[in-house]
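An overview of the molecular structure
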Amino acid sequence: MQHPTRTLTVLGATGSIGRSTLDVAARHPGRYRIFALAAHRQADALAELCLRHAPRYAVLGDEAAVPALRARLAAAGATTEVLAGEQALAAVSAHPEVDTVMAAIVGAAGLQPALAAARAGKRVLLANKEALVMAGEVFLRACRDGGASVLPIDSEHNAVFQCLPAGYRAGGAPPGVRRILLTASGGPFRRASAAEMRSATPQQACAHPNWSMGRKISVDSATMMNKGLELIEASYLFGVPESRLEVLVHPQSIVHSLVEYEDGSMLAQLGHPDMRTPIAHALAHPERIDSGVAPLGLAAIGRLDFEAPDSGRFPCLGLAYDALRAAGAAPCVLNAANEEAVAAFLGGGIGFTDIARVVDAVLGALGARAAGADVEHVLEIDREARALARARLARCAA
Ligand code: NAD
Ligand code: MG
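What you see is a predicted model; the values in this text were computed from it and never measured.

Analysis parameters
Residues numbered from 1 in each chain as written. Chains lettered and ligands numbered in written order. Predicted model: local features only at pLDDT ≥ 70, side-chain atom pairs only at ≥ 80, totals over all residues. Heavy atoms only, no water. Domains from an automatic or database assignment. Contact = heavy atoms within 4.5 Å. Buried area = accessible area lost by both parts, 1.4 Å probe. Polar contact = N/O pair within 3.5 Å; in protein donor to acceptor, adjacent residues only side chain to side chain. Helix = DSSP H or I, 4+ residues; strand = E, 2+ residues; numbered from the N terminus. Nonpolar A, V, L, I, M, F, W, Y, C, P; charged D, E, K, R; others polar. Near = heavy atom within 4 Å. Areas by Shrake-Rupley, 256 points an atom, 1.4 Å probe, with all protein chains shown as cover. Donors = N, O, S within 2.8 Å, 3.2 Å for Na, K, Ca; no water. Core = buried A, V, L, I, M, F, W, Y, C linked by side-chain atoms within 4.5 Å. Buried < 20%, exposed > 50% of the residue type's maximum accessible area, 1.4 Å probe, protein only.

A word on the domain arrangement of the protein chain. How big an interface is tends to be expressed through the accessible area that disappears when the partners come together. The domains assigned to the protein chain are domain 1 (6–152) and domain 2 (327–398). Between the C-alpha centres of domain 1 and domain 2 the distance comes to 27 Å. Opposite the twelve residues of domain 1 that make contact, domain 2 presents twelve residues. Taking both partners together, domain 1 and domain 2 bury about 860 Å²; carbon and sulfur atoms supply 65% of that area. Ranking the residues of domain 1 by area buried against domain 2 places Val133, Met134 and Val138 at the top, with a combined share of 49%. Where domain 1 packs against domain 2, one counts two residue pairs in polar contact (both at pLDDT 80 or more). Here the side of domain 1 that touches domain 2 gets six residues from one element, more than from any other, and that element is helix H6 (residues 129–146). Here the side of domain 1 that touches domain 2 is composed, by residue class, of seven nonpolar, two polar and three charged.

Structure follows, in structure tokens:
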């Protein structure tokens, strides 16, 4: 069968999702052409990827890393052109030759380039859940106005998408759905005591039992804020209120999520905990391609367990439900405070259980604000929430 060649920009190319995307694309050389690779400031890692995938552009978020990348590429005789800064990230996301953008920058930094892709009507493969949490309405409006389609990469949302009727487009409310159940592994502290969690180190928090991921999302999985952000993400993507969203702890991470219909049917998507499956699904949609993931041996796995989450030891989950119910600016405030608190924890400045405490305080102070009507307003709320979070963090550290 003949396939059109898809031309791809990968934002967050040096990260866990970015590398998995390039791994899948490289298995289908005639099918995917890499137009641009973007990263923050990891010149060596980006140079290596450029030499392997020969993109037309390499983009760095941080201008200071440009000379090192140019020198590495020139020494190897590569023709990739190096750009830097927020405008360049947006330009390679909206470029007319690009049809598909993998949005896999971590955190709020990913919002503007993802918006640029949405406004330009691209197929947006959305891994950057923080962009949707902080600016869900603004982002979905940009997709509608620009004619963009969103394909969820987050494994739970990709699973839900796969369980919805063929032809469903993310952003709309799917017919006949009673509930959406997001599964959660429970993270590294599923069985930990409250005292163990109080003294948890960044290394322990990042040691996820099933998934290999970047450090920020790994800490989010340990606090279960990741599942909280995913509830908000699901509410925007699938047009369902908080009352029809549920979290189910499933320690094996084989069932990636479920959709319950009005007639009592429940559909689930199963697979190994390997992000190359949802990435391959979204890259080829509506076709199917090899992802490099081995077949699932259910007899060897033997059993699949499910349990309710423990909201006492994982207060971040309740905070995310609160933010979802409050709507307005609350999800943006939650996300900003969480990003600051996680960075402080990873930097050794605060304890693990301080993360929820700081998010709670910032959400209490600013969570009742109205939603940002446009991206500038969203960024203003984000800045204000970060400033307050930093003040609280300084108090925790003192
Ligand atoms: P990571 O930390 O491994 O990689 C992050 C990437 O973003 C890197 O390439 C980094 O250079 C880039 N980046 C960071 N700040 C930037 C900036 N200011 N400008 C330009 N580039 C910048 O993270 P990850 O685990 O790959 O996660 C990426 C996103 O995907 C996150 O939003 C995460 O929540 C989501 N996600 C990840 C997984 C996973 O399995 N890793 C699963 C679901 C969702
Ligand atoms: Mg997920």
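Additional details are given in the paragraphs that follow.
In the neighbourhood of ligand 1, 23 residues make up the surrounding shell, with Thr14, Ile17, His40, Glu130 and Gly214 lying closest. Within the backbone of glycine 15, one N or O atom sits 3.1 Å away from an oxygen atom of ligand 1. Take glutamine 42: an N or O atom from its side chain is 3.0 Å from an oxygen atom of ligand 1. About the coverage of ligand 1: the protein hides 89% of its 830 Å² of free accessible area. When the residues that make up the shell around ligand 1 are grouped by side-chain class, the tally is eleven nonpolar, nine polar and three charged.

The next point concerns the coordination of the magnesium ion (ligand 2). Within the protein, the magnesium ion (ligand 2) binds to Asp154 (OD), Glu156 (OE) and Glu230 (OE); these donor distances fall in the range 2.1 to 2.2 Å. Site description for the magnesium ion (ligand 2): donor spacing in sequence, D-x1-E-x73-E. Residue aspartate 154 is located in the loop between strand S7 (149–152) and helix H7 (155–163), and its partner glutamate 230 is located in helix H11 (residues 225–238); the two are separated by 76 residues in the primary sequence.

With that settled, the discussion passes to the nonpolar core. Judged by nonpolar contacts, the single largest core of 137 residues is most densely connected at Phe139 and Leu334. Each of domain 1 (6–152) and domain 2 (327–398) contributes no fewer than three residues to this core. In this structure leucine 334 touches Met225, Leu229, Ile232, Leu319, Ala320, Ala323, Val359 and Leu363, once residues within four positions along its chain are discounted.

This part covers the side chain of serine 257. The topology assignment puts serine 257 in strand S10 (residues 255–261). Assessed through its relative accessible area of 0%, serine 257 is described here as buried. Here threonine 183 takes part through its backbone nitrogen, which lies 3.3 Å from a polar atom of the side chain of serine 257. What serine 257 contacts, discounting residues up to four positions off in sequence, is Glu156, Ala159, Val160, Leu181, Leu182, Thr183, Leu267, Ala268 and Gln269.

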